[in-house]
Number of protein chains: 2
Amino acid sequence: MKARSVNGETAASLAARLKGGDRAAAARAISWIEDHDPRADEVLKRICAGAVRSHVVGVTGPPGVGKSTLIAALVDVARRQGVRVAALLVDPSSPFSGGAVLGDRLRLEAHAGDPAVFVRSLASRGAVGGLASAIWGARRVVETLGAELIFVESVGAGQADVEISRCADTVIVALMPGLGDDVQAIKAGILEIADALVVNKADLPDKDRTLASLRAFWADDAEAGGAGGGWKKLLLQTVASRGEGVPAVWSAIQRHRDYLGRSGEGATRRLRQARAEILAHLEARSRREWISLVGKEAERLAAGRTDPVSAADRLLARPARRKAARRRA
Amino acid sequence: MKARSVNGETAASLAARLKGGDRAAAARAISWIEDHDPRADEVLKRICAGAVRSHVVGVTGPPGVGKSTLIAALVDVARRQGVRVAALLVDPSSPFSGGAVLGDRLRLEAHAGDPAVFVRSLASRGAVGGLASAIWGARRVVETLGAELIFVESVGAGQADVEISRCADTVIVALMPGLGDDVQAIKAGILEIADALVVNKADLPDKDRTLASLRAFWADDAEAGGAGGGWKKLLLQTVASRGEGVPAVWSAIQRHRDYLGRSGEGATRRLRQARAEILAHLEARSRREWISLVGKEAERLAAGRTDPVSAADRLLARPARRKAARRRA
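Residues numbered from 1 in each chain as written. Chains lettered and ligands numbered in written order. Predicted model: local features only at pLDDT ≥ 70, side-chain atom pairs only at ≥ 80, totals over all residues. Heavy atoms only, no water.

1. A short note on the overall build of chain A
On a plain count of helices and strands, chain A comes out with 13 helices and 7 strands. Looking at chain A as a whole, 54% of its 329 residues are labelled buried. Once local pairs closer than 6 in sequence are excluded, the contacts in chain A between residues at least 24 apart make up 77%. Entry remark: accessible area of chain A is about 13,400 Å², with carbon and sulfur atoms responsible for 51%. (Helix = DSSP H or I, 4+ residues; strand = E, 2+ residues; numbered from the N terminus. Buried < 20%, exposed > 50% of the residue type's maximum accessible area, 1.4 Å probe, protein only. Contact = heavy atoms within 4.5 Å. Areas by Shrake-Rupley, 256 points an atom, 1.4 Å probe, with all protein chains shown as cover.)

2. Describing the packing of helix 12 (residues 295-302) of chain A against helix 12 (residues 265-293) of chain B
Closest axis-to-axis distance for the helix 12 of chain A/helix 12 of chain B pair is 8 Å, and the angle between their directions is 115°. As for how helix 12 of chain A packs across helix 12 of chain B, the hand of that crossing is right-handed. Seen from helix 12 of chain A, the contacting residues are A:G295, A:E297, A:A298, A:E299, A:L301 and A:A302; seen from helix 12 of chain B, they are B:R270, B:L271, B:A274, B:R275, B:E277 and B:I278. Partitioning the contact of helix 12 of chain A with helix 12 of chain B into residue classes produces 6 nonpolar, 1 polar and 5 charged. (Axes fitted to C-alpha atoms, helices over the stretch in contact; angles between N-to-C directions. Left-handed = near helix turned anticlockwise from the far one by under 90°. Nonpolar A, V, L, I, M, F, W, Y, C, P; charged D, E, K, R; others polar.)

3. Remarks on helix 2 (residues 23-34) of chain A
All names here are of chain A. Look at helix 2: 17 Å from first C-alpha to last across 12 residues, which is about the 16 Å you get at 1.5 Å a residue. Every buried residue belonging to helix 2 is among A25, A26, A29, I30, W32, I33 and E34, and all of these are buried. Its side-chain oxygen placed 2.9 Å from the backbone nitrogen of A24, D22 serves as the N-cap of helix 2. Of the residues trailing helix 2, H36 is marked for its positive phi of about 55°. (Expected span 1.5 Å × (residues − 1). Polar contact = N/O pair within 3.5 Å; in protein donor to acceptor, adjacent residues only side chain to side chain.)

4. Notes on unusual backbone geometry
Residue and element names in this part refer to chain B. One non-glycine residue with positive phi stands out, namely H36, at about 55°. Within the secondary structure, H36 is located in the loop between helix 2 (23-34) and helix 3 (38-47). Residues other than glycine seldom take positive phi values, yet K201 does so here, at roughly 55°. In this fold, K201 is placed in the loop between strand 6 (196-199) and helix 10 (207-225).

5. Quick look at the pattern of salt bridges
Residues and elements named next belong to chain A. Under the definition given, this model contains 38 salt bridges over all chains. For R209, the salt bridge is made with D206, and the minimal N-O distance between the two is 3.7 Å. When its relative accessible area of 44% is taken as the criterion, R209 is described as partly exposed. (Salt bridge = Lys/Arg side-chain N within 4 Å of Asp/Glu carboxyl O.)

6. Some remarks on the packing of helix 1 (residues 11-19) of chain B against helix 3 of chain B
All names here are of chain B. Their axes nearest at 9 Å, the elements helix 1 and helix 3 cross at an angle of 45°. Relative to helix 3, the element helix 1 lies oblique. Seen from above, helix 1 lies across helix 3 with right-handed handedness. Within the contact between the two elements, helix 1 uses A11, A12, L14, A15, L18 and K19 and helix 3 uses R39, E42, V43, R46 and I47. (Parallel < 35°, antiparallel > 145°, perpendicular 65-115°, else oblique.)

7. Some thoughts on the side chain of A:R120
All names here are of chain A. Within the fold, R120 resides in strand 3 (residues 117-123). What makes R120 buried here is its relative accessible area of 14%. Here S31 takes part through its side chain, which lies 3.2 Å from a polar atom of the side chain of R120. If sequence neighbours within four positions are ignored, R120 has contacts with A27, I30, S31, E34, A87, L88 and L89.

8. Observations concerning the confidence of the model for chain A
Residue and element names in this part refer to chain A. Counting all residues, the mean pLDDT for chain A is 81, and 74% of those residues have values of 70 or more. Averaged pLDDT values over the elements of chain A bottom out at 57 in helix 8 (residues 183-193) and peak at 96 in helix 10 (residues 246-262). Scored below 50 in pLDDT, residues 1-5 makes 11 contacts in the model with residues more than four places away or belonging to other chains. Both confidence scores are given for the complex: pTM 0.79, ipTM 0.84. (pLDDT = per-residue confidence, 0-100.)

9. Quick look at the pairing of strand 5 (residues 170-175) of chain A
Residues and elements named next belong to chain A. Counting buried positions along strand 5 yields 6 of 6 residues, so the element is predominantly enclosed. Alternating positions in strand 5 separate into two faces, T170, I172 and A174 on one and V171, V173 and L175 on the other, with burial throughout. Both strand 1 (residues 55-60) and strand 5 contribute to a ladder of 4 bridges, which runs parallel. Across the sheet, T60 pairs through a bridge with V173, a residue of strand 5. Alignment of strand 5 against strand 6 (residues 196-199), held across 4 bridges, turns out to be parallel. Across the sheet, residue I172 finds its bridge partner in strand 6, namely A196. (Pairing = 2+ DSSP bridges.)

10. Points about the environment of A:G230
Mapped onto the secondary structure, A:G230 falls in the loop between helix 9 (207-225) and strand 7 (234-237). Between the C-alpha atoms of A:G230 and A:V83, which are 147 residues apart in sequence, the distance is 27 Å.

11. Some words on the packing of aromatic side chains
Centre distance and the angle of the planes are the two values used to describe a pair of aromatic rings. Summed over all chains, the structure comprises 3 aromatic pairs over all chains. Ring geometry for A:W290 versus B:W290: centroids 6.3 Å apart, planes at 10°, classification stacked. Here A:W290, found in helix 11 (residues 265-293), pairs with B:W290, found in helix 12, and the two come from separate chains. Residues A:W290 and B:W290 agree in their burial class; the two are buried. (Phe/Tyr/Trp six-rings, centres within 6.5 Å; stacked < 30°, edge-to-face > 60°.)

12. Description of the environment of B:G20
Residues and elements named next belong to chain B. Following the sequence through the fold, G20 ends up in the loop between helix 1 and helix 2. The exposed category is assigned to G20, whose relative accessible area is 67%. A C-alpha to C-alpha distance of 8.6 Å links G20 and T144, two positions 124 residues apart in sequence.

13. Examining the state of the cysteines
By definition, a disulfide is the covalent link that joins the sulfur atoms of two cysteine residues. Residue and element names in this part refer to chain A. Applying the stated rule across the entire model yields 0 disulfides over all chains. C48 takes part in no disulfide bond, and the closest cysteine sulfur, belonging to C167, lies 12 Å away. For C48, a relative accessible area of 2% corresponds to the buried category. (Disulfide = S-S within 2.5 Å.)

14. Thoughts on helix 3 (residues 38-47) of chain A
Buried residues dominate helix 3 of chain A, accounting for 7 of its 10 residues. Within the span of helix 3 of chain A, buried status applies to A:R39, A:A40, A:D41, A:E42, A:V43, A:L44 and A:I47.

15. Quick notes on the environment of B:W32
Residue and element names in this part refer to chain B. Residue placement: W32 occurs in helix 2. Accessibility expressed as a relative area gives 6% for W32, which makes it buried. For the pair W32 and A11, spaced 21 residues apart in the sequence, the C-alpha separation amounts to 10.0 Å.

Here you go:
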């Protein structure tokens with residue numbers, strides 16, 4: 001699609017401002033991405049060439065464990081070391097989440113005055129597939145802005161987590177004491193995606209029981225996957241609101257980054273990320289096109305005059321026909 | 001795609017058995033759908049023609065509130081009235097859910113000996129978009145089997161809920177006392193998708209506080225949307241494990257079904273369902289094709305030799321080219 005100049009801004013001018021480190025330009029680019037503005041794709045084409053490489057730390061876990069507080073504390077450490085950071089906070093569209101973490105997020109947004117910290121919430125506006133492509137797009141935007149370290153937080157609910165584990169170089173899963181009985185609910189899946197597990201609010205009474213149940217799972221995992229001498233997953237404790245244990249988490253991130261660099265794992269993750277990023281774009285764009293085309297077929301299906309498979313067949317055949325028609329014109 | 005006869009079963013024979021009410025055939029059809037067996041689409045083509053119309057009740061809510069127990073109690077009522085029922089239990093792929101509700105589900109599966117009750121868990125195997133299309137496909141299968149009432153349960157985590165609210169004729173959101181402080185977290189979104197809100201475990205001490213906070217939200221919603229004289233959303237209490245309050249939920253489902261039938265809302269939902277069902281098929285099929293094609297582009301992207309938008313452009317153009325090549329051959 002061609003860049004348009006609605007609102008006096010073209011994709012080219014916005015991309016240029018972004019490369020110059022203009023934070024307002026970054027905010028606008030992310031809004032374009034969220035709003036599915038056609039200029040967003042053009043901006044991404046202009047900024048994604050070349051290989052700026054930031055390190056992305058995904059932080060996920062159930063609501064209420066203090067993920068944003070942990071990120072805020074890690075941002076403090078990063079700033080003391082002069083590292084430019086961004087934090088992307090993902091609000092999934094599920095009715096059972098969001099909102100709860102707003103208090104924590106305010107704490108994080110206290111950094112907003114620091115020109116080397118870029119904080120932004122990402123919401124899924126409308127189309128469902130939109131959130132995944134928005135995460136990927138926002139990552140590219142803040143990378144272009146100069147962020148060396150990018151935190152991506154999700155609220156521990158379904159699809160957003162899966163996408164964050166795909167997008168992140170280092171995955172931190174945050175939990176808290178009192179989840180001990182629910183460890184069965186947290187299950188093996190968590191071990192697959194976590195590079196480090198952080199038990200935050202470690203000053204709460206149930207801490208030891210929670211750590212014990214997590215260690216049991218951890219041990220199983222180490223036996224299953226540890227033979228190759230790869231990354232040994234970490235189990236850490238923090239009281240992020242007081243900064244306790246945060247330097248150890250910071251150090252774990254640095255060590256994991258080094259590990260990715262010197263082992264084959266870094267290249268493996270980059271390739272997996274590239275697959276996921278392209279798929280996110282494919283899905284978001286196709287979904288928008290399908291939503292605009294599905295009306296007539298939906299009427300036929302609702303009236304019992306077709307089946308959903310045949311309806312999908314016809315819609316999948318349709319873009320080709322439209323392109324052919326355009327070529328003839 | 002053509003039906004194959006691997007394992008001695010063709011799509012045609014399975015569809016015929018399904019129409020004859022064969023439960024083993026239903027289990028196999030759902031497995032084909034979950035496993036993306038090419039015969040699954042052929043089965044759906046054969047069974048979706050005509051307008052069998054069951055009533056689908058979506059039951060969603062946070063883990064641990066007793067959704068499966070509530071469904072089991074509702075199934076008891078249905079069976080006493082001679083209504084044929086199915087329950088589809090959705091296991092989302094998120095690492096933060098699943099597992100916890102297994103105990104409840106065992107209670108529900110006690111009905112499995114009753115030939116007029118069909119219970120089945122649905123998992124998302126592999127591809128992410130797969131779960132949505134599996135829910136829709138399984139709904140068609142149990143409808144063909146003769147289920148008049150279908151419960152679809154999800155674990156209250158992200159995307160699966162959204163799909164269930166699209167798939168259901170009546171949406172029940174289940175909560176429990178003690179969530180009072182978290183009502184902010186549950187937020188307005190819940191009011192949009194719920195036709196009835198059920199506070200289960202209503203014998204727990206925090207009940208009154210929870211009901212009060214829910215009523216406050218409920219009132220806001222009634223003011224906002226109640227002007228048209230449509231369905232008045234219900235707030236109900238149950239102790240599902242003892243059957244208390246369950247007849248009122250049953251009656252609410254019947255009244256909502258009647259309301260859908262006599263108001264325009266039923267037709268509106270059927271059309272919305274048809275859109276969502278076709279989109280689910282489009283996404284699942286496209287995703288499978290893209291995953292098989294994305295490798296080369298992902299390598300180029302990981303090496304910094306392209307951008308994700310251009311990579312998506314090329315993959316979107318590719319199926320058309322392949323079809324053209326096939327036509328020439």
